[in-house]
Amino acid sequence: MTHLRYGMIAGLMTLSSAFALTPAASAASGEEGAVEVVNDAVGQTMTALEDQTISQSEASGIIDLVKVDRVAQFALGKTWKTLNDDQKGRYIDAFHTYANAQLQQHLSNLSVADAEVTDVTTRGEGDAIVTTKVATEDNPNESVSWRVIDEGGWGIVDIQVQDVWFAIQQREQFQAVLDQNNGDIDALIEKLSAGSL
């Protein structure tokens, strides 16, 4: 069983941009990488939180386990295809800043919890859902699912807590910002660069 701090989920879910569960007594060789990246995310977070803070470098290390560019594109939805190369570059840079800031904000000063991998569901080659059971002070049996893909290495692209896939929720939030600003991508980039919406 791997230990982590409660609220880690809230931090990691801000990085993301969904799936039936089946028991897996032992992961097949293709699934081992999927489980490993989730365990790495949990382990790195626990180590980083030994002093109850997440430094920028520690956040960057955790973010390296997330397919941030893929998540960023998903979160922007159909708007991504309308951007020119300059806008895409600035948006991706801003999303990285946002993800780093959100991770630091949500993962600091958290209480201890336990987590263990309980299930792995393969959705296709290089695409899996890893389910963890998280025990917290408020809920001893919280289920958290992580969608992971293998594109030149396994990485996290979404997290589900309480039936909510957060990359999908993030897409809705980004679209709301765009709608409030007549589709102006620079308005969204400005907010992301500031580290919050």
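The following refers to the structure shown.

Parameters at a glance
Residues numbered from 1 in each chain as written. Predicted model: local features only at pLDDT ≥ 70, side-chain atom pairs only at ≥ 80, totals over all residues. Heavy atoms only, no water. Salt bridge = Lys/Arg side-chain N within 4 Å of Asp/Glu carboxyl O. Helix = DSSP H or I, 4+ residues; strand = E, 2+ residues; numbered from the N terminus. Buried < 20%, exposed > 50% of the residue type's maximum accessible area, 1.4 Å probe, protein only. Contact = heavy atoms within 4.5 Å. Polar contact = N/O pair within 3.5 Å; in protein donor to acceptor, adjacent residues only side chain to side chain. Phe/Tyr/Trp six-rings, centres within 6.5 Å; stacked < 30°, edge-to-face > 60°. Lys NZ or Arg CZ within 6 Å of the ring centre and 35° of its normal. Arc of directions from axis to C-beta.

1. Brief notes about the pattern of salt bridges
Moving on, step 1. Under the counting rule described, the total for this entry stands at six salt bridges.
Moving on, step 2. Linking glutamate 116 and lysine 133 is a salt bridge whose minimum nitrogen-to-oxygen distance equals 3.6 Å. In this pair, glutamate 116 sits in strand 2 (residues 112–124) while lysine 133 sits in strand 3 (residues 127–135), placing the two residues 17 residues apart along the sequence.
Moving on, step 3. Looking at glutamate 116, the relative accessible area reads 29%, which means it is partly exposed.
Moving on, step 4. You can call lysine 133 partly exposed: its relative accessible area is 33%.
Moving on, step 5. As a salt-bridge pair, arginine 123 and aspartate 127 come within 2.9 Å of each other at their nearest N and O atoms.
Moving on, step 6. A network of salt bridges, in which partner residues are shared, links Asp86, Arg90 and Asp186.

2. A short note on the side chain of threonine 79
Moving on, step 1. Topologically, threonine 79 is positioned in the loop between helix 4 (68–76) and helix 5 (85–107).
Moving on, step 2. Ignoring sequence-local partners within four residues, the contact set of threonine 79 consists of Gln175 and Leu178.

3. Here we look at helix 7 (residues 185–193)
An α-helical segment advances 3.6 residues per turn. Residues three or four places apart therefore align on the same side.
Moving on, step 1. When we look at burial in helix 7, the residues that qualify are Ile185, Ala187, Leu188, Ile189 and Leu192.
Moving on, step 2. Structurally, the start of helix 7 carries an N-cap: the backbone nitrogen of aspartate 186 is 3.0 Å from a side-chain oxygen of aspartate 184.
Moving on, step 3. Of the residues flanking the end of helix 7, it is glycine 195, one or two places downstream, whose phi is positive at about 95 degrees.

4. Notes on unusual backbone geometry
Moving on, step 1. The phi dihedral of asparagine 182 is positive, around 55 degrees, even though this residue is not glycine.
Moving on, step 2. By the secondary structure assignment, asparagine 182 is in the loop between helix 6 (166–180) and helix 7.

5. Notes on the packing of aromatic side chains
Moving on, step 1. One pass over the structure, following the stated rule, counts five aromatic pairs.
Moving on, step 2. Each ring, one from phenylalanine 95 and one from phenylalanine 174, has its centre 6.0 Å from the other, and the planes form 70 degrees; the classification is edge-to-face. Placement of the pair is phenylalanine 95 in helix 5 and phenylalanine 174 in helix 6, with a sequence separation of 79 residues. As far as the burial class goes, phenylalanine 95 and phenylalanine 174 line up, both buried.
Moving on, step 3. These aromatic residues form a ring-pair network of at least three members: Trp80, Tyr91, Phe95, Tyr98 and Phe174.
Moving on, step 4. Looking at arginine 171, its charged tip hangs above the ring of phenylalanine 74, at a distance of 4.1 Å from the centre.

6. Topic: helix 4
Moving on, step 1. Every buried residue belonging to helix 4 is among Val68, Val71, Ala72, Ala75 and Leu76, and all of these are buried. Taken down its axis, helix 4 places every buried residue within 130 degrees of arc, on the same side.
Moving on, step 2. Once helix 4 finishes, glycine 77 follows within two positions and takes phi at roughly 60 degrees, a positive value.

Everything listed here is a matter of geometry and, on its own, says nothing about what the molecule does.
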